[in-house]
Amino acid sequence: MTNELKGKVNYSVNGNIAILEVDNPPVNPLSSGVRAGLAEFIEKANSDDSIKGIILTGAGRSFIAGADISEFGKSFDGPDLNSTLRDIEFSNKPVIAAINGTALGGGLETALVCNYRMGTNKAIVGLPEVNLGLLPGAGGTQRLPRLVGPSQALKMMLSGAPLSAEKALTSGILDAISGNSLIEDAIEFLQDKIELSEHPKVRDKNEKVLEARGSENVLTEAKALAAKTRRGQFAPGQIIACVEAAINEDDFDAGLKKESEYFLECLMNPQREAMIHIFFGERAASKISDIPKDTPLMSINSAGIVGSGTMGGGIAMNLANAGIPVLVLDQDEKNLERGMGVIEKNYQMMVDRGRMSQEQKEKVFGLITPTLSYEDLAKVDIVVEAVYENLELKQEIFKTLDSVTNNNTILASNTSGLDIDALASVTNRPGKVVGTHFFSPANVMRLLEVVRGKDSSDETMATVMSLGKKIGKAAVVSLNAPGFIGNRMLAGYTYQANMLLLEGALPSQVDNALESFGMSMGPFRMMDLVGLDLGWRARKLANLETPLVNKISAELCERDRFGQKNSKGFYNYSEGSRAPNPAPENEEIYKEVSEKNNIQRREISDQEIIDRCILGLVNEGAKILEEGVAQRSGDMDIVYINGYGFPIWRGGPMFYANQLGLEEVIKKMNVFSELDKEFWKPAPLLQKLADQSATFGEAPAVNERAELLSFEQANMGGV
Ligand code: 3HC
């Protein structure tokens with residue numbers, strides 16, 4: 001083996017059994033050196049007469065985490081995966097996969113070419129390639145349906161969700177679960193089989209695929225599932241086509257050949273690059289560039305939440321789900337009771353939908369304790385304040401928390417836009433104060449903006465980022481600046497949507513155009529959901545004039561159209577339904593407002609709608625990057641995909657702009673600047689990168705904290 005190959009396989013012998021241990025920390029992907037090592041040592045074991053059986057296992061906590069994702073789209077060294085797996089499958093000694101941890105993607109596919117599979121009770125198996133815009137391309141689409149049946153295999157491959165060892169055993173993926181030492185048990189298992197003249201191969205198990213032949217049901221159900229859960233994605237259709245081949249091809253290798261062809265098509269599709277950008281982007285986002293990797297973390301073994309409303313309840317669920325006991329505080333007994341009731345109802349719904357057992361529900365719900373007393377929070381490791389957005393109220397709460405909790409407790413605010421430094425300033429521990437901006441519903445949405453105040457300490461930041469990972473969030477750091485990352489970008493997007501409405505588009509046209517682009521919800525449906533009256537009431541209260549961009553929504557409010565909350569807004573809603581129905585009665589209002597403001601309504605193309613709204617996000621994103629509010633452009637992609645319904649297969653707004661080409665972005669913006677010079681002035685960084693034909697990924701690092709816009713100066717008009 002040459003030195004450049006990445007990862008290795010360790011070879012050892014125990015009696016008459018050879019043990020091949022994949023060693024490529026931290027998670028053992030099938031990099032070049034691993035493939036080469038497997039090929040070399042399978043041959044070595046096969047050519048050694050004293051060896052009667054082979055164990056394949058992984059070093060550390062993982063079995064094999066799949067193909068090496070960093071190799072996709074590049075030329076690679078060493079043997080290819082399929083030929084390596086063929087060597088294992090046609091080994092003349094029996095091979096058992098001893099699955100010591102995660103066996104994902106190519107990792108499970110490696111186990112599927114072995115004759116037998118045994119796992120520890122911590123083993124996890126799955127084919128998550130769909131999340132990377134790929135399909136299982138090392139035989140998984142042909143072998144898994146043969147083991148678990150096409151219907152379950154499709155569910156696993158379309159969701160990408162892994163199975164626990166227990167479920168893998170009952171569904172037939174594992175032959176056994178080790179109760180003791182995995183390697184000892186695997187040796188014992190093999191010794192029992194050594195004398196057999198033949199050993200089972202998954203490729204020969206045709207019963208389950210033949211059962212599905214001639215019926216369209218399985219494929220029809222899979223297509224419906226893909227349409228519902230993976231709208232716009234390319235790989236799901238390819239996965240279904242592969243399983244169709246597994247069902248209908250008489251020759252196993254013909255099915256494999258189709259799988260390779262369809263895999264290659266996924267590999268060449270731009271969605272693959274976008275989704276792999278998100279895989280690595282999420283991991284990059286979890287790192288804070290100027291904080292040393294070895295910064296000590298505080299242990300978070302208990303938490304408090306102030307506020308038992310929707311946000312507080314959702315955050316409490318996140319923490320409890322990760323095994324952290326939580327005290328939920330409210331000052332009002334009735335609110336507290338109602339809040340706990342909502343939490344219990346949410347858990348019950350999960351039980352009813354088969355997502356957790358009654359026993360699990362009782363265990364997690366049992367971790368959440370209501371309280372009316374601040375004194376009860378004295379010993380918790382972190383408190384997340386989640387009351388409504390009012391700086392004075394939050395400052396009062398922070399003062400109280402500062403006095404009742406021990407000095408080490410982290411004090412976090414779930415504010416969506418208030419100044420974290422203003423909260424830190426009322427405490428004696430500004431280093432322990434941080435923003436944790438969860439997105440609603442907090443128990444579902446993956447995004448967590450971790451807001452870094454000017455004094456937030458390295459230890460606090462690193463601890464909260466690690467907690468974010470523990471509770472399953474995509475955590476992204478934002479500097480403490482108006483709108484943080486997500487809402488600041490959103491302002492440009494909704495601004496353009498509102499302007500398009502004034503210029504002649506209808507809400508349904510704007511929403512349809514952006515939803516067909518891939519956004520999960522168009523901007524007007526979103527505004528109806530949030531409520532049109534928030535800004536309108538705030539402006540009235542402060543005696544402020546309505547800016548042009550908000551004139552239509554203000555007019556709707558004047559006519560009692562507040563959005564979903566009273567069943568009429570940009571759309572009409574029937575009682576108890578969230579489905580938008582057209583509101584033709586609004587069209588006169590749009591015309592009147594446009595006319596009153598001297599705006600000539602015109603036909604607007606769907607392309608213009610998409611370009612203006614999405615490039616509105618991109619230009620603001622460029623400013624955020626330049627100011628250092630976000631650490632890297634990929635962080636903004638993670639924010640938009642996990643918090644704002646941007647399609648993952650487009651890789652986020654900044655990646656989308658890179659793919660479009662930043663020169664092209666500027667060209668389009670120049671055209672729009674005829675409509676609005678100020679708005680469409682390119683951010684200096686965008687202009688600079690476009691001039692250099694570079695991408696946002698090549699933006700120079702911001703080494704010093706920029707002078708940020710203050711919260712008083714900010715005008716977040718469009719939100
Ligand atoms: N290839 C290359 N690098 C990988 C990798 C892979 N398959 N899986 C993880 N890594 C890297 C991560 O990028 C990260 O690197 P970093 O430390 O430099 O940021 C490091 O390994 C640790 O990963 P995590 O932070 O994600 O570690 P966790 O312990 O939280 O999670 C895991 C472990 C569950 C294995 C998770 O990493 C994971 O889900 N990995 C991807 C699994 C996957 O999608 N496999 C399919 C690959 S495609 C395939 O197999 C195609 C085949 O069908 C032909």
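Undergrad: Honestly, the overall build of the protein chain in this entry has me stumped. Any pointers?
TA: Secondary structure summary: the protein chain contains 29 helices and 18 strands in total. Its C-alpha atoms give the protein chain a radius of gyration of 28 Å, within 12% of the compact-globule value 27 Å for 719 residues. Considered along the principal axes of its C-alpha atoms, the protein chain spans approximately 90 × 60 × 55 Å. Expressed as a percentage of its 719 residues, the buried residues of the protein chain come to 55%. For the protein chain, the proportion of contacts with a sequence separation of at least 24, taken over those separated by at least 6, is 74%. Per element, the accessible surface of the protein chain, about 31700 Å² overall, is 50% carbon and sulfur. Between the centroid of the 74 positive side chains of the protein chain and the centroid of its 96 negative side chains there is a distance of 2 Å.

Undergrad: Hey, could you run me through the site of the ligand in this one?
TA: Neighbouring residues of the ligand: 25 residues in total, closest Arg61, Glu109, Glu129, Arg283 and Lys287. In the model, an oxygen atom of the ligand is placed 2.8 Å from a nitrogen or oxygen of the Gly106 main chain. Take Gly137: an N or O atom from its main chain is 3.1 Å from an oxygen atom of the ligand. Its free accessible area being 990 Å², the ligand has 76% of it covered by the protein chains.

Undergrad: I would appreciate a short explanation of the pattern of salt bridges in the present structure.
TA: Once their charged atoms are close, side chains differing in charge can pair, the charge on each being opposite to the other. Going through the model one piece at a time under the given rule, you end up with 38 salt bridges. Across the salt bridge formed by Lys6 and Asp68, the nearest N and O atoms sit 2.9 Å from each other. Of this pair, Lys6 sits in the segment before β1 (8–14) while Asp68 sits in the loop between β4 (62–64) and α2 (81–89), and the two are 62 residues apart along the sequence. As a salt-bridge pair, Glu261 and Lys257 come within 3.7 Å of each other at their nearest N and O atoms. A residue pair is termed a helical-turn pair when its members lie 3 or 4 positions apart in one helix, as Glu261 and Lys257 do in helix α11 (residues 252–268) at four residues. The exposure class assigned to Glu261 is partly exposed, which follows from its relative accessible area of 39%. Beyond isolated ion pairs, a larger network of salt bridges with shared partners links Arg86, Glu89, Arg143, Arg203 and Asp253.

Undergrad: Can you help me understand empty space enclosed by the protein in this one?
TA: Rolling a probe over the atoms, with the probe sized like a water molecule, indicates the empty space that remains. A full pass over the atoms with the stated rule returns three cavities of 30 Å³ or more. Every residue lining the largest cavity is listed: Leu319, Ile382, Val384, Thr436, Phe438, Leu448, Val464, Leu467, Gly468 and Ile471. Elements supplying a minimum of two residues to the lining of the largest cavity: β14 (382–385), β16 (433–438) and α18 (458–470). Considering each element in turn, the lining of the largest cavity owes the most residues, three residues, to α18. The residue makeup of the lining of the largest cavity, split by class, is eight nonpolar, two polar and no charged. Surrounding the second largest cavity, Leu490, Tyr493, Met519, Met521, Gly522, Pro523, Met526, Tyr640 and Tyr644 form its lining. Where the lining of the second largest cavity is concerned, the elements lending two or more residues are α19 (486–503) and α21 (523–530). Within the lining of the second largest cavity, the residues separate by chemical class into eight nonpolar, one polar and no charged.

Undergrad: So what exactly am I meant to see when it comes to the sheet that holds strand β17 (residues 447–452) here?
TA: Pairing is mixed across the open sheet formed by eight strands, whose spatial order is β13-β12-β11-β14-β15-β16-β17-β18. Two strands lie at the open edges of the sheet, namely β13 (368–371) and β18 (474–479), each paired on one side alone. Each strand of the sheet is rotated relative to its neighbour by a mean of 25°, with strand direction disregarded. Direction of pairing for strand β11 (residues 303–306) relative to β14: parallel, over a ladder of four bridges.

Undergrad: How should I be thinking about the domain arrangement of the protein chain in this particular structure?
TA: It is common to give the size of an interface as the accessible area lost on bringing the parts into contact. Here the domain parsing of the protein chain yields domain 1 (8–268), domain 2 (303–480) and domain 3 (505–596). Between the C-alpha centres of domain 1 and domain 2 the distance comes to 40 Å.

Undergrad: Just to check I follow, could you spell out the nonpolar core for this structure?
TA: Soluble globular proteins tend to pack their nonpolar side chains together in the buried interior. If you look at the biggest cluster of nonpolar residues, it comprises 79 residues, and the most contacted ones within it are Ile485, Leu514, Phe570, Ile614, Phe646, Leu686 and Phe696. For this core, the leading source of residues is helix α25 (residues 606–627), giving 10 residues. Residues within four places of Ile485 in sequence aside, it is in contact with Glu449, Val476, Val477, Ser478, Ile624, Val629, Ala630, Met636 and Val639.

Undergrad: It is not clear to me how helix α26 (residues 633–643) should be interpreted in this structure. Could you clarify?
TA: Each turn of an α-helix holds 3.6 residues, which means side chains three or four residues apart point in the same direction. Of all 11 residues in α26, 11 are buried, a share of seventy percent or more. Listed in full, the buried residues belonging to α26 are Ser633, Gly634, Asp635, Met636, Asp637, Ile638, Val639, Tyr640, Ile641, Asn642 and Gly643. Against the buried residues of α26 lie α12 (270–285), β17, β18, α19, α25 and α27 (653–660). Once α26 ends, the next one or two residues include Gly645, with phi positive near 70°.

Undergrad: How do you make sense of the packing of aromatic side chains when you look at a structure like this?
TA: The geometry of an aromatic ring pair is captured by two quantities: the separation of the ring centres and the angle between the planes. In total, this model carries 14 aromatic pairs according to the counting rule given. Measuring from ring centre to ring centre gives 5.1 Å for Phe517 and Tyr656, while their planes differ by 90°; the resulting arrangement is edge-to-face. Highlighted residues: Phe517 in helix α20 (residues 507–517) and Tyr656 in helix α27, separated in sequence by 139 residues. There is no split in this pair, since Phe517 and Tyr656 are both buried.

Undergrad: Please clarify how helix α22 (residues 533–541) should be interpreted in this entry.
TA: Of all the positions in α22, only Asp533, Trp536 and Arg539 are classed as buried. Angularly, the buried residues of α22 cover 130° about the axis, an arc narrow enough to put them on a single face. Summarising the contacts, the buried residues of α22 are in contact with α23 (551–558). Backbone geometry just after α22 places Asn543 at a positive phi near 60°.

Undergrad: Where do I start with a positive patch on the surface in this structure?
TA: There is a patch of like positive charges on the surface, built from Arg61, Arg283, Lys287, Lys293 and Lys469. Topologically, Arg61 is positioned in the loop between β3 (53–58) and β4.

Undergrad: I'm lost on the sheet that holds strand β8 (residues 124–126) in this one. Help?
TA: Two modes of strand pairing occur in sheets, parallel and antiparallel, and in both the strands are linked by backbone hydrogen bonds. On the basis of which strands lie adjacent, the open sheet formed by four strands has the order β4-β6-β8-β9 and mixed pairing. Each edge of the sheet is formed by a strand with only one pairing partner; in this case those strands are β4 and β9 (163–164). Bridge count for β8 against β9 is two bridges, and the pairing is antiparallel. For Val125, the partnering residue across the bridge sits in β9 and is Leu163. Lying over the sheet, helix α3 (residues 106–113) contacts β4, β6 (102–104) and β8, oriented at roughly 90° with respect to β6.

Undergrad: Before we go on, may I ask you to explain unusual backbone geometry in this structure?
TA: Comment: phi is negative for the bulk of residues other than glycine, and the bulk of peptide bonds are trans. Omega for the bond connecting Pro25 with Pro26 falls within 30 degrees of zero, at 5°, which places this linkage in the cis form. With respect to the helices, strands and loops of the structure, Pro26 is situated in the loop between β2 (17–23) and α1 (32–46). Following Ser440, the chain continues into Pro441 via a peptide bond in cis, with omega recorded as -10°. By the element assignment, Pro441 lies in the loop between β16 and β17. If you check the backbone angles, Phe484 has positive phi at about 45° while not being a glycine. Following the sequence through the fold, Phe484 ends up in the loop between β18 and α19. Take Phe484: its relative accessible area is 0%, and that puts it in the buried class. Its identity as a non-glycine residue notwithstanding, Asn543 has a phi of 60°, on the positive side. Residue class for Asn543 comes out exposed when judged on its relative accessible area of 74%.

Cut-off values and rules
Residues numbered from 1 in each chain as written. Predicted model: local features only at pLDDT ≥ 70, side-chain atom pairs only at ≥ 80, totals over all residues. Heavy atoms only, no water. Helix = DSSP H or I, 4+ residues; strand = E, 2+ residues; numbered from the N terminus. Rg over C-alpha atoms; globule rule 2.2 N^0.38 Å. Buried < 20%, exposed > 50% of the residue type's maximum accessible area, 1.4 Å probe, protein only. Contact = heavy atoms within 4.5 Å. Areas by Shrake-Rupley, 256 points an atom, 1.4 Å probe, with all protein chains shown as cover. Lys, Arg positive; Asp, Glu negative; His and termini not counted. Charge placed at Lys NZ, Arg CZ, Asp CG, Glu CD. Near = heavy atom within 4 Å. Polar contact = N/O pair within 3.5 Å; in protein donor to acceptor, adjacent residues only side chain to side chain. Salt bridge = Lys/Arg side-chain N within 4 Å of Asp/Glu carboxyl O. 1 Å grid on protein atoms, 1.4 Å probe; cavity = no way out; pocket = protein on both sides within 12 Å on 5 of 7 lines; lining within 4 Å. Points joined across faces, edges and corners; volume = space filled by probe spheres on them. Nonpolar A, V, L, I, M, F, W, Y, C, P; charged D, E, K, R; others polar. Pairing = 2+ DSSP bridges. Axes fitted to C-alpha atoms, helices over the stretch in contact; angles between N-to-C directions. Domains from an automatic or database assignment. Core = buried A, V, L, I, M, F, W, Y, C linked by side-chain atoms within 4.5 Å. Phe/Tyr/Trp six-rings, centres within 6.5 Å; stacked < 30°, edge-to-face > 60°. Arc of directions from axis to C-beta. Patch = residues over 30% accessible without salt bridge, like charges linked within 9 Å, V, L, I, M, F, W, Y side chains within 5 Å.

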